[in-house]
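Structural characterization, general
Chain by chain, the residues run as shown.
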Amino acid sequence: VTARAPSATPPTAPGTGGLELDGAGLRALVAAAIDRLAPFLDSLPDQRASGVHPVPAGAVPAPAPLPLTGSPVDVVLDEIVDRARIAFNTTSPGFMAYVPGGGLPYAAVADLIAGVLNRYVGVAAAAPALVRLETDVLRWFAELIGYPAEAGGVFTSGGSMANFGGVIAARDARPGALARGTVYVSAEAHHAVTKAARLAGFAPDRIRTIATDDHYRIDSGELERVLVADVRAGLEPCLVAGSAGTVNSGAVDDFDALADLAATHGAWLHVDGAYGGFFAMTRAGRAALGGMTRADSIALDPHKTLFLPYGTGALLARDFARLRQADAPHASYLPDKNATLPDFSDYGPELTRPFRGLRVWLPFRLLGVETFRDALDEKLELARWIGNELAMEPRLEIVAPPTLSILAFAVRAEGATAAERDALTRRLLDEVNARGRILLTGTVLRGRFVARIAIVSFRTHMDRVIEARDIILESLDRITG
Ligand SMILES: Cc1ncc(COP(=O)(O)O)c(C=O)c1O
């Protein structure tokens, strides 16, 4: 055994020694981080919307050795900002791919506060005033989407876990669900819903994929036929899952039809509102999402349509009591229950959990909910505008007009084969994205390749959407010669 030589590197972290970081050290470290983040934020409008994509060979660093000793603050902070460049630029105002949110810096400050305070919000007794803050935010969500007063919910890491919680609640609401229960999912549902059903223990042959209608909504006639056939076969419909805005085309299911069918067959209705649920905060969005609040549970994703940084989803239930795990254990090593506040650990798999509510509470308190409502209204308006603009171009076909803020379109190619037509739409996307001002992605709708525009980021405004229209039309000129 050789004695370890004393480190030749001088202390580099701003702390007072060991792991300690006092007030002055925290100030210095945060200031050094802000020195990098402020220019990053201010240069966003000029950054490439695609980021560094595709990633050039050799751009991803080699695996790093274990850092036994510290390194200078500047070196470490520069490295993380450099690494972040090799990525889709999900913060750009031109990022209209997938389902962007932008990442509100206000919420990032909330994370800093939550981390330094480091209070325990898994059980109410440990930090009741902060658990109240989280129950307030969840109650505000319920109010904003139009759920009744007895509704409530729990924060999750994202939409997938929120959907998982909804599926678990449906399973536990029906005794024998795993023996005889069946699950009904749209062919256009996000794969997170089927994944949740599998994770909850439903066998693949109990998960029914229901065809969609011409608007990519669940075909309710087909759903009814499958439900009736299953009941005749001795099975028990357990869960009908609808979508409040599909990821492919933004389609919104007919919730009144789904709620009627679910009620007739004693099934739980869960809605995946990860992308679209928060649009119910706006007048136009609520009209488009009519009937959504008849659902027993709704998955929301603040890191999409409340624009938060990644890591915050929420599951709401029409009747909060039904989300509580029936067999929530009480362990002798945990503090006593609070008379009025929930232990969030009884409402999901996590015991220790991050203080996610602060990420919403801080921007809601600082900016007011109306600011969010206006931003969502603006997204609806921008999507409608560009949908109308592209619809006037005869060489394009709007395959899915925007119900909310996602639309899908393709190059119209009379007389071409399906493969040729798809190839043209792919070429259009490549041309558009090569300019670096906007990033669009494609998907497949009913076997046809389509380009999608998803206007969700709080940073996307009319100037960039006008630019998007111009780039799409100029790119179309180029590929159609
Ligand atoms: C409609 C829909 N549902 C569920 C999810 C999954 O959510 P998350 O990625 O937050 O787990 C997404 C993500 O894009 C989505 O768009």
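Refer to the structure above for everything that follows.
Residues numbered from 1 in each chain as written. Predicted model: local features only at pLDDT ≥ 70, side-chain atom pairs only at ≥ 80, totals over all residues. Heavy atoms only, no water.

**Some details on the site of the ligand**
In the neighbourhood of the ligand, 13 residues make up the surrounding shell, with Gly159, Ser160, Asp272, Asp301 and His303 lying closest. In the model, an oxygen atom of the ligand is placed 2.6 Å from a nitrogen or oxygen of the Ser160 side chain. The side chain of Lys304 places a nitrogen or oxygen atom 3.1 Å from an oxygen atom of the ligand. Within the complex, the protein chains bury 82% of what would otherwise be the 390 Å² of accessible surface of the ligand. At 3 residues, the largest contribution of residues to the shell around the ligand is made by helix 5 (residues 159-173). Tallied by class, the residues present in the shell around the ligand amount to 3 nonpolar, 7 polar and 3 charged. (Near = heavy atom within 4 Å. Polar contact = N/O pair within 3.5 Å; in protein donor to acceptor, adjacent residues only side chain to side chain. Areas by Shrake-Rupley, 256 points an atom, 1.4 Å probe, with all protein chains shown as cover. Helix = DSSP H or I, 4+ residues; strand = E, 2+ residues; numbered from the N terminus. Nonpolar A, V, L, I, M, F, W, Y, C, P; charged D, E, K, R; others polar.)

**Side note on the sheet that holds strand 11 (residues 448-454)**
Read across the open sheet, the 4 strands follow the order 8-9-11-10; overall the sheet is antiparallel. Both outer strands of the open sheet, strand 8 (396-400) and strand 10 (441-445), are each paired with one neighbouring strand and no more. Neighbour-to-neighbour, the strand axes of the sheet open up by a mean angle of 45 degrees, direction not taken into account. With 5 bridges joining them, strand 10 and strand 11 adopt antiparallel strand pairing. Each bridged residue has a counterpart across the sheet, and for Thr443 the counterpart in strand 11 is Val450. (Pairing = 2+ DSSP bridges. Axes fitted to C-alpha atoms, helices over the stretch in contact; angles between N-to-C directions.)

**Points about the pairing of strand 11**
Taken across its 7 residues, strand 11 has 7 buried, putting it largely inside the fold. Burial of the side chains of strand 11 extends over both faces: Arg448, Val450, Arg452 and Ala454 are buried on one face and Phe449, Ala451 and Ile453 on the other. Both strand 9 (residues 406-411) and strand 11 contribute to a ladder of 4 bridges, which runs antiparallel. Across the sheet, the residue bridging to Ala408 is Arg452, located in strand 11. (Buried < 20%, exposed > 50% of the residue type's maximum accessible area, 1.4 Å probe, protein only.)

**A short note on the nonpolar core**
Among the nonpolar cores identified, the biggest contains 93 residues, and Phe141, Phe202, Leu223, Leu289, Met292 and Leu306 are the most heavily contacted of them. Here this core takes 8 residues from helix 4 (residues 128-145), the largest share from any one element. If we ignore the near neighbours within four places in the chain, the residues touching Met292 are Ile145, Ala244, Phe255, Val271, Gly277, Ala280 and Ile298. Judged by nonpolar contacts, the second largest core, of 24 residues, contains Met96, Leu429, Ile455 and Ile472. (Core = buried A, V, L, I, M, F, W, Y, C linked by side-chain atoms within 4.5 Å. Contact = heavy atoms within 4.5 Å.)

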